Amino acid sequence: MSDKQFDVVVIGGGPGGYIAAIRAAQLGFKTACIDEWANAKGGPAPGGTCTNVGCIPSKALLQSSEHFEHAGHAFAEHGINLSGLELNLPQMLKRKDTIVKQNNDGILFLFKKNKVTFFHGRGAFAGKAEGGYTINVSGPTTDTLTAKNVVVATGSNARELPGAAFDEKLILSNTGALAIDAVPGKLGVIGAGVIGLEMGSVWRRVGADVTVLEGLPTFLGAVDEQIAKEAHKLFTKQGLKISLGCKIGAITKGENSVTVEYTDGAGAAQNVTFDRLIISIGRVPNTTGLGIETVGLQVDERGFVVVDDECRTSLPGVWAVGDVVRGPMLAHKAEEEGVAVAERIAGQHGHVNFNTIPWVIYTSPEIAWVGKTEQQLKAEGVAYKAGSFPFMANGRARALGDTSGMVKFIADATTDEILGVHMVGPMVSELISEAVVAMEFKASSEDIARICHAHPSLSESTKEAALAVDKRSLNF
Ligand SMILES: Cc1cc2nc3c(=O)[nH]c(=O)nc-3n(C[C@H](O)[C@H](O)[C@H](O)COP(=O)(O)OP(=O)(O)OC[C@H]3O[C@@H](n4cnc5c(N)ncnc54)[C@H](O)[C@@H]3O)c2cc1C
């Protein structure tokens, strides 16, 4: 095999792509990964949206801004008096950039460790080759590769609002929202989804007056209604102004401001001028410059690469994973698909259970869930029983000083199998994995209720909510 001939070439080095490449190499395939993301110095920055302008930098800023808020508002209750508290935004942003770089470098190290050949540049199909495909690499690296198997993992980009193109100065996508160089006095956010709420929270905590405009009449429609209502109440109390049912009209840029005309949920015309505007109305799959026409790779009317349940595309030997295909746009979903595809190429039985993919919104309090919501089960006519437990009654939450929210279990009315677990409260991004494991093993709520949980811990709320399904909570 020539050194430009590979068993597996992965196009895209985000969580779907780099993980697929590592697993393929572990399985003994000669593997390459091509990724075009460049850092400020033009060097390679693998890790995709997640590492560079998504999961990782947003969590870094969420953590820093939460510390700032605690220092300003929560420390005094613990008997810690602070004076002269100041925000050093350049340092906060620098810390975020350092964490991103550590992750980029970590992936390059993992490629070396697993013998994945990395190409920094854009990968594009150039046609069919004997027993596979020809892939051109252009950009910092120029090359031509051939591959028996190709994994497309090219991710997604932020969706623009017509007439309001991102300039990343005044009108911001997630990229600009993670790098604002001075706290805006008034910040507008269009879209109350995961990204809008996380970004809105960061900038509110460090002093911005944040207004979130959402088109839908309900808040967090995909979240269990009881949890979404609680979260809405808590976010509003924190000072996030959330306006539902808005119809966005003209968006006009001034020299240092953006004006948004909209009709609010009550039908009244509104006109608000912001210092910055974040638009977070969803993401679109990315197949730009991928040369799909040269091989006839099928995409649907919304631009997603068409795949079956096992990530096979319309072409033999070509697979696609992550944000560029159907299903939730989540890093861990992309990773699971990447692993499963590598294993399927090796003739193994890759496994992704779409029913047990956890969702998390890293606001404070956090929101996390897995499985079905009450409203979904009602619509499907499934008989269920539900039980919940508030963090207010949890000793560890009281000691932490964060008693907001609850854990809620939903179980089948007859078999008691857990159908969904929903949480809003402190650190629920960590607590949700117990529910995921339980559902993977088809546990009943009684199974969780009978398991010993450490005291005092937030996880006791999970046990108590499971007990509540049978109306026998011990501490509430
Ligand atoms: C602000 C924000 C916060 C988020 N937070 C979370 C979170 O907390 N948890 C979570 O699970 N998800 C989160 N997400 C979503 C998560 O980032 C995505 O679901 C995930 O990155 C998708 O992975 P992917 O590998 O499919 O694509 P991507 O991460 O988008 O990676 C695709 C890569 O392919 C490269 N590429 C594209 N075309 C080519 C080409 N032709 N040649 C070479 N390279 C190419 C791109 O440059 C990119 O590096 C967040 C997203 C955003 C925007």
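Definitions and limits used
- Each chain carries its own residue numbering, running from 1 in the written order of its sequence.
- Thresholds applied to this predicted model are a pLDDT of at least 70 for local features of residues and 80 or more for the giving and counting of side-chain atom pairs; totals over whole chains, interfaces and linings are not thresholded and use all residues.
- Heavy atoms from the whole structure form the basis of all side-chain values; hydrogens and water molecules are not counted.
- Strands are runs of DSSP state E lasting at least two residues, helices are runs of H or I lasting at least four, and both sets are numbered from the N terminus onward.
- Both definitions apply: the radius of gyration is a C-alpha atom measure, and the globule rule equals 2.2 Å times residues to the power 0.38.
- Whether two residues touch is decided by their heavy atoms; if any such pair falls within 4.5 Å, the residues are in contact.
- Accessibility throughout is a Shrake-Rupley quantity obtained with a 1.4 Å probe, and a residue counts as covered only by protein chains that appear here.
- The domain limits used here are those given by an automatic or database domain assignment.
- Throughout, the accessible surface (probe 1.4 Å) given up by two parts as they are put together, summed over both, is called the buried area.
- The salt bridge criterion pairs a side-chain nitrogen of Lys or Arg with a carboxyl oxygen of Asp or Glu, the two atoms within 4 Å.
- Any N or O atom pair separated by 3.5 Å or less is treated as a polar contact, with the protein-specific requirement of one donor-capable and one acceptor-capable atom, and with residues adjacent in sequence counted only for side-chain atom pairs.
- Burial classes: relative accessible area under 20% of the type maximum marks a residue as buried, over 50% as exposed, and values in between as partly exposed (1.4 Å probe, protein chains only).
- Only strands that DSSP links by at least two bridges are regarded as paired with each other.
- Residues are labelled near a given molecule or strand when at least one of their non-hydrogen atoms is within 4 Å of it.
- Three classes are used: nonpolar for Ala, Val, Leu, Ile, Met, Phe, Trp, Tyr, Cys and Pro, charged for Asp, Glu, Lys and Arg, and polar for all others, with Gly counted as polar.
- What a helix is expected to span follows from its residue count: subtract one and scale by 1.5 Å.

## Quick look at the overall build of the chain
If you tally the helices and strands in the chain, you get 14 helices and 22 strands. The C-alpha radius of gyration computed for the chain amounts to 24 Å, which stays within 12% of the reference 23 Å derived for 476 residues, consistent with globular compactness. A principal-axis box enclosing the C-alpha atoms of the chain has dimensions of 65 × 60 × 45 Å. Within the chain, contacts between residues at least 6 apart in sequence are counted, and of these 62% link residues at least 24 apart. When the accessible surface of the chain is summed, it comes to about 21500 Å², and 52% of that surface belongs to carbon and sulfur atoms.

## Some remarks on unusual backbone geometry
That bond from Ser 364 to Pro 365 is cis: its omega, 0°, falls within 30 degrees of zero. Along the chain, the position of Pro 365 falls in the loop between β18 (359-361) and β19 (366-371). Here His 455 and Pro 456 are connected by a cis peptide whose omega angle stands at -10°. Within the secondary structure layout, Pro 456 lies in the loop between α13 (445-450) and α14 (460-469). Positive phi, close to 60°, is recorded for Lys 115, a residue that is not glycine. In this structure, Lys 471 is a non-glycine residue whose phi angle is positive, near 55°.

## A short note on the domain arrangement of the chain
The domain architecture assigned to the chain consists of domain 1 (5-157 + 284-352), domain 2 (171-281) and domain 3 (356-468). Measuring from the centre of the C-alpha atoms in domain 1 to the corresponding centre in domain 3 gives 31 Å. Roughly 710 Å² of surface becomes buried between domain 1 and domain 3 when both sides are summed, with 69% attributable to carbon and sulfur atoms. At the surface where domain 1 touches domain 3, the tally comes to 0 salt bridges. Where domain 1 meets domain 3, there are 2 residue pairs in polar contact (both at pLDDT 80 or more). Elements supplying a minimum of two residues to the side of domain 1 that touches domain 3: α3 (55-73) and α9 (331-345). Here the side of domain 1 that touches domain 3 gets 3 residues from one element, more than from any other, and that element is α3.

## Points about the environment of Leu 197
Locating Leu 197 in the fold gives a position in helix α6 (residues 194-205). Distance in space between the C-alpha atoms of Leu 197 and Glu 434 is 25 Å, their sequence separation being 237 residues. If we skip the residues at most four places from it in the chain, Leu 197 touches Ala 192, Phe 219, Leu 220, Phe 235, Leu 240 and Thr 363.

## Concerning the pairing of strand β6 (residues 143-152)
Buried residues dominate β6, accounting for 7 of its 10 residues. Here strand β1 (residues 5-11) runs beside β6; their pairing, made up of 6 bridges, is parallel. Among the inter-strand pairings, Val 9 is bridged to a residue of β6, identified as Val 150. Relative to β6, strand β5 (residues 132-138) runs antiparallel, the two being bridged by 5 bridges. Counterpart to Val 137 in the pairing with β6 is Asp 143. The loop that links β5 with its antiparallel partner β6 comprises 4 residues; one of these, Gly 139, has a positive phi angle of about 120°. Bridge count between β6 and strand β17 (residues 318-320): 3 bridges; the pairing is parallel. Across the sheet, residue Val 150 finds its bridge partner in β17, namely Val 318.

## Comments concerning the site of the ligand
Of all residues adjacent to the ligand, which total 39 residues, the nearest are Asp 35, Thr 49, Lys 59, Gly 123 and Ala 331. Here an oxygen atom of the ligand sits 2.7 Å away from a polar atom, N or O, in the side chain of Lys 59. The contact in question runs from an oxygen atom of the ligand to an N or O atom on the side chain of His 332, over 3.2 Å. Summarising the interface, the protein chains cover 95% of the accessible area of the ligand, which totals 1000 Å² for the free molecule. Taken together, the elements giving at least two residues each to the shell around the ligand come down to α1 (15-26), β2 (31-35), α2 (48-53), α3, β4 (122-129) and α9. Looking at the shell around the ligand element by element, the count peaks at 4 residues for α2. When grouped by side-chain class, the residues that make up the shell around the ligand number 15 nonpolar, 18 polar and 6 charged.

## Regarding helix α4 (residues 89-114)
Each α-helix turn comprises 3.6 residues. Residues three or four places apart therefore point the same way. Taking 1.5 Å of rise per residue, 26 residues should cover 38 Å, and α4 covers 38 Å from first to last C-alpha, within 8% of that figure. By the burial criterion, the buried members of α4 are Leu 89, Met 92, Leu 93, Lys 96, Val 100, Asn 104, Ile 107, Phe 111 and Asn 114. Against α1, β2, α2, α3, β3 (116-120) and α6 lie the buried residues of α4. Of the residues that open α4, the one with a side-chain oxygen 3.1 Å from the backbone nitrogen of Gln 91 is Asn 88. Lys 115 sits one or two positions beyond α4 and adopts a positive phi of about 60°.

## Overview of the pattern of salt bridges
In total, this model carries 25 salt bridges according to the counting rule given. For Lys 59, the salt bridge goes to Glu 198, with nearest N and O atoms at 2.8 Å. Note that Lys 59 is positioned in helix α3 and Glu 198 in helix α6, a separation of 139 residues in sequence. On the basis of relative accessibility, which here comes to 27%, the residue Lys 59 falls in the partly exposed class. You can call Glu 198 buried: its relative accessible area is 4%. Its salt-bridge partner being Arg 204, residue Glu 69 comes within 2.9 Å of it at the nearest N-O pair. Separated by 135 residues along the polypeptide, Glu 69 in helix α3 and Arg 204 in helix α6 bring together distant segments of the chain. Since its relative accessible area comes to 10%, Arg 204 is described here as buried. One salt-bridge network, in which partners are shared between bridges, spans Asp 224, Glu 374, Lys 378 and Lys 408.

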